[in-house]
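# Chains, contacts and geometry: an overview
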Amino acid sequence: MIVKYIFAFILGAIFGSFLNMLIYRVSHDISLTIPRSFCPNCKRTLKWYENIPILSFLFLKGKCKVCGFKIPKYYFFNEVFLSLLSIFIMFKSPNFLDFTVAFLFFTFLHYMAVLDYFYMETDIRPAYFGSLLILLYKFLYFNDFSILFDVSLIVFLLYYLKEGYFIIRGKDGLGEADITVSAYITSFFGLSNYIYILLLASILSVLVFIYYIFIKKKNLQKLPFVPFLYKSSLIAYVFVKGL
Ligand SMILES: [Zn+2]
């Protein structure tokens with residue numbers, strides 16, 4: 001019993017560490033095929049013991065041991081967060097296959113949300129791949145073909161919303177990435193749950209927007225929306241019964 005939770009914890013930490021590497025390389029246009037991890041500041045290759053998720057950050061006190069470069073705290077946060085999330089997904093999943101699908105779903109979403117949060121644009125390739133995986137899983141194991149209708153309807157509705165907003169306001173309110181990620185979330189949660197997720201994400205983003213404009217007095221033009229969809233999906237996952 002405890003073994004599967006230890007497994008989930010370690011898997012989450014490894015994926016968290018992998019995502020950190022991926023986020024850094026994708027945002028800096030660095031090849032993903034250079035095999036070894038390196039310090040972003042002094043560029044030296046890291047030793048194996050500097051690559052252990054969570055532990056290395058603690059041992060090294062968040063610094064490169066040669067040049068003293070401060071490793072961003074979100075590296076550590078990503079690893080710890082995905083470990084804890086992974087344990088929770090294991091707790092919620094009736095079997096290992098369910099765990100795998102839900103774990104990959106949230107890992108991909110986490111990656112897209114972090115990129116959107118930092119750079120206001122994201123890499124949506126995992127959404128295509130992930131949707132395909134989830135749809136296949138639902139076809140094969142639940143004979144659920146209605147999910148294809150759900151996803152198509154969301155894409156259709158959001159595109160009209162985007163076009164409508166553009167005609168009225170003369171600028172984009174909803175990005176392509178938001179629509180793709182919405183379709184991805186719908187493939188996992190289904191149409192009715194997605195409506196709640198979208199509503200919650202919209203309310204949260206409006207609250208944060210108001211906070212920045214009126215309390216922080218910042219002239220905010222736009223907020224990345226994928227992080228809000230992600231947070232709302234996490235909240236929804238606590239309440240739904242699983243896939
Ligand atoms: Zn260094």
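Residues numbered from 1 in each chain as written. Predicted model: local features only at pLDDT ≥ 70, side-chain atom pairs only at ≥ 80, totals over all residues.

### Describing the nonpolar core
One broad trend across soluble globular proteins is that nonpolar side chains are buried collectively. Formed by 46 residues in total, the largest nonpolar core has its most connected members in F105, M112, V181, I185, V226 and L229. When residues of this core are assigned to their parent elements, the largest contribution, 13 residues, is made by helix α4 (residues 96-119). If sequence neighbours within four positions are ignored, I185 has contacts with Y194, I197, L229 and S233. (Core = buried A, V, L, I, M, F, W, Y, C linked by C-beta atoms within 7 Å. Buried ≥ 20, exposed ≤ 12 C-beta atoms within 10 Å, placed from the backbone. Helix = DSSP H or I, 4+ residues; strand = E, 2+ residues; numbered from the N terminus. Contact = placed C-beta atoms within 7 Å.)

### Describing the domain arrangement of the protein chain
What the domain assignment reports for the protein chain is domain 1 (1-92) and domain 2 (94-243). Once you take the C-alpha centre of each, domain 1 and domain 2 turn out to be 25 Å apart. Opposite the 13 residues of domain 1 that make contact, domain 2 presents 12 residues. When residues of the side of domain 1 that touches domain 2 are traced back to their parent elements, those giving at least two are α1 (2-27) and α3 (73-92). (Domains from an automatic or database assignment.)

### A few points about unusual backbone geometry
Within the chain, N143 stands out as a residue other than glycine whose phi angle is a positive 55°. For N143, the position within the fold is in the loop between α5 (125-142) and α6 (146-169). N143 gets classed as exposed once you count the C-beta atoms within 10 Å, which come to 8. One non-glycine residue with positive phi stands out, namely K217, at about 55°. Examined against the element boundaries, K217 turns out to sit in the loop between α8 (191-215) and α9 (226-239).

### Points about α4
Residue pairs spaced three or four apart in an α-helix point in one direction, given the helix's 3.6 residues per turn. Over its 24 residues, α4 extends 34 Å from the first C-alpha to the last, a length consistent with the 34 Å expected when each residue adds 1.5 Å. Just downstream of α4, M120 is the residue with a positive phi angle, here 60°. (Expected span 1.5 Å × (residues − 1).)

### With respect to the packing of α8 against α9
It is at 8 Å that the axes of α8 and α9 come closest, and there the two elements cross at 125°. Considering the angle they form, α8 stands oblique to α9. α8 and α9 meet at a crossing whose hand is right-handed. Here N193, Y196, I197, L200, A201, L204 and S205 of α8 lie close against α9, whose contacting residues are F228, L229, K231, S232, S233, I235 and A236. Class assignment of the residues belonging to the contact of α8 with α9 gives a composition of 9 nonpolar, 4 polar and 1 charged. (Axes fitted to C-alpha atoms, helices over the stretch in contact; angles between N-to-C directions. Parallel < 35°, antiparallel > 145°, perpendicular 65-115°, else oblique. Left-handed = near helix turned anticlockwise from the far one by under 90°. Nonpolar A, V, L, I, M, F, W, Y, C, P; charged D, E, K, R; others polar.)

### Brief notes about α8
Taking 1.5 Å as the rise per residue, α8 with 25 residues should run 36 Å; its terminal C-alpha atoms sit 35 Å apart, in good agreement. For α8, the full list of buried residues reads Y194, I197, L198 and A201. The positive-phi residue at the C-terminal boundary of α8 is K217, with phi of around 55°.

### Some details on the packing of α3 against α4
For the pair α3 and α4, the least separation of the axes is 10 Å and the interaxial angle reads 150°. One finds that α3 runs roughly antiparallel with respect to α4. As for how α3 packs across α4, the hand of that crossing is right-handed. Counted together, N78, L82, L85, S86, I89 and M90 of α3 and F99, A102, F103, F106, T107, H110 and V114 of α4 form the full contact between these two elements. Of the residues in the contact of α3 with α4, the class split is 9 nonpolar, 4 polar and no charged.

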